[in-house]
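# A closer look at the structure
Residues per chain are reported as follows:
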Amino acid sequence: MAKVKFKDLSKKDKIFKSINLTLMAILAVVIVGLTIYFWVVGDPRNRVPAGFTMLFAVLAPWLFELIFRTRVPNVLFIGIEIYLIIAGIWGSLLSGYNDFVWLDIVVHVIMGYLCAMLGIFVISRTTDYNKLKPFAIILFCFFFSLGIELIWELGEWFADLFVGQTAQGPKIDGFGVPLVTDTMEDILCNFSGSLAFIIHYCIGKFSKCSLGIKTIENELAKGYKVGEVVNQNSSNQISTEKQKDNSQQIFDVPDEIEEIVQREIDNMKKTKSSKSKGKLDNKKRD
């Protein structure tokens, strides 16, 4: 796949690209600064591993573009960065999850919505998006989001088990493991966010009110354009009209030929009339 160069982007894409890269650089600097601070000062909450994880997540869209030589859509790029500001910097590094109980719920609902939206980007890279039925897209996006949540929860479990984190909650005395309540709540919140995107998609797809779904599809789906069907119909109409014109040109007789034919017909009529008049004169003489 050919790499899309910055100079080949449209003016709007250049502006959004510059904003996304600038925001990514700012977030990377903030995360590195906080991680170094926790490393030097010493952090009882052990947030240094979370800092390295968040740094990789912030750079992930840019690394994806470098490795796979394809452009990450603007709406997806900015969505990931906003999510990492809330979940990564505010929630993990600044201990927002400990200060605000409801923050974890909001984060997982947003994650479910974004992952379901990400499904459009993924499925359009594996098959022809224009030929897919909306029901197939809905199913893929929904279960793709739930699959990402499964991987996320496994990551939290490994982080708690091997890195000394408390992503799944504090351990229960006497058991050495946390309750499954936090995990089930996270899954339920992700389910709700995925369902919210599906409802949003259905309203935008099956009603007159788009609600931005057409813009999302234009941004995320490879080779998909909202006006493609309309343009295709108009092009077919134009080609049909051209065929009609060509057929008319085939059967149309030029004016010069018409004049010649009409002149010959007139001459034949005059000759015929003169011959018939001559015959009448000969009969009268007889």
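Residues numbered from 1 in each chain as written. Predicted model: local features only at pLDDT ≥ 70, side-chain atom pairs only at ≥ 80, totals over all residues. Heavy atoms only, no water.

### Section: the packing of helix H5 (residues 102–124) against helix H6 (residues 134–162)
To keep it simple, the criterion reads: Between N-to-C directions, angles span 0 to 180 degrees; the directions come from axes that are lines fitted to C-alpha atoms, helices contributing only their stretch in contact. Helix and strand assignments come from DSSP, with helices taken as H or I runs of at least 4 residues and strands as E runs of at least 2, each series counted from the N terminus. Angles are sorted into four bins: roughly parallel if under 35 degrees, roughly antiparallel if over 145, roughly perpendicular if 65 to 115, and oblique for all others. In this scheme the handedness of a crossing depends on how the near helix is turned from the far one: anticlockwise by less than a right angle means left-handed, clockwise means right-handed. We call two residues in contact when some of their heavy atoms are within 4.5 Å. Note that Gly is not counted as nonpolar here; it falls among the polar residues with everything else outside the nonpolar set of Ala, Val, Leu, Ile, Met, Phe, Trp, Tyr, Cys and Pro and the charged set of Asp, Glu, Lys and Arg.
Relative orientation of the contacting elements H5 and H6 amounts to 125 degrees, with a least axis distance of 8 Å. By the angle between their directions, the pair H5 and H6 is classed as oblique. In the crossing of H5 with H6, the sense of the turn from one axis to the other is right-handed. Note on element contacts: H6 touches H5 through Ile137, Phe140, Cys141, Phe144, Ser145, Ile148, Glu149, Trp152, Glu153 and Glu156, opposite His108, Met111, Gly112, Cys115, Ala116, Leu118, Gly119, Ile120, Val122 and Ile123. Counted by class, the contact of H5 with H6 contains 13 nonpolar, four polar and three charged residues.

### What to know about unusual backbone geometry
Backbone geometry places Arg69, a non-glycine residue, at a positive phi of 55 degrees. Unusually for a residue other than glycine, Leu211 sits at a positive phi of about 60 degrees. Relative to the elements of secondary structure, Leu211 occurs in the loop between helix H7 (181–206) and helix H8 (213–220).

### As for the confidence of the model for the protein chain
Inclusion rule: Note on scores: pLDDT gives the predictor's confidence for each residue, bounded by 0 and 100.
Summary statistics for the protein chain give a mean pLDDT of 82 and a share of 78% for residues scoring 70 or more. Element-level pLDDT for the protein chain is lowest in helix H9 (residues 228–251), with a mean of 48, against a maximum mean of 95 in H5. Every residue in residues 226–235 is under pLDDT 50, and counting partners more than four places away or in other chains gives four contacts.

### Overview of the side chain of Asn20
Threshold: Each residue is assigned to one of three classes by its accessible area relative to the maximum for its type, calculated with a 1.4 Å probe on protein chains only: buried under 20%, partly exposed between the two thresholds, exposed over 50%.
Structurally, the position occupied by Asn20 is in helix H1 (residues 11–41). Note on Asn20: relative accessible area 2%, which makes it buried. Non-local contacts of Asn20, meaning those with residues more than four positions away in its chain, are made with Asn74, Phe77, Ile78 and Glu81.

### Side note on helix H2 (residues 48–68)
Put simply, the rule is: Multiplying one less than the number of residues by 1.5 Å gives the expected span of a helix. Given a residue, its bend is the angle between the two axes fitted to the seven residues that end at it and to the seven that start from it.
Over its 21 residues, H2 extends 29 Å from the first C-alpha to the last, a length consistent with the 30 Å expected when each residue adds 1.5 Å. The sharpest bend along H2 measures roughly 50 degrees and falls at Ala60, with the proline Pro61 sitting one to four residues further on. Among all positions in H2, only Val48, Ala50, Gly51, Met54, Ala57, Val58, Pro61 and Glu65 are buried. Where the residues of H2 are buried, they touch H1 and helix H3 (74–93). Looking one or two residues beyond H2, the residue adopting positive phi is Arg69, at roughly 55 degrees.

### Points about empty space enclosed by the protein
This is how it is decided: Whether a set of points on the 1 Å grid over the protein atoms alone is a cavity depends on a 1.4 Å probe fitting there but being unable to get out, while an open set qualifies as a pocket with protein on both sides within 12 Å along at least five of seven lines; lining residues are those with an atom within 4 Å of a point. Grid points are joined across faces, edges and corners, and a volume is the space filled by probe spheres set on the points.
Under the criterion given, the structure shown has one cavity of 30 Å³ or more. Empty space within the largest cavity amounts to approximately 30 Å³. As for the largest cavity, its lining consists of Asp160, Gln165, Thr166, Gly169, Lys171 and Pro178. In terms of residue class, the lining of the largest cavity is made up of one nonpolar, three polar and two charged.

### Here's the deal with H6
Taking 1.5 Å per residue as the helical rise, H6 with its 29 residues ought to reach 42 Å, and the 42 Å between its terminal C-alpha atoms agrees with that figure. Burial in H6 covers these residues: Ile137, Ile138, Cys141, Phe142, Ser145, Glu149, Glu153, Glu156 and Asp160. Those residues of H6 that are buried lie in contact with H5 and H7. At the C-terminal side of H6, Gly164 shows a positive phi close to 75 degrees.

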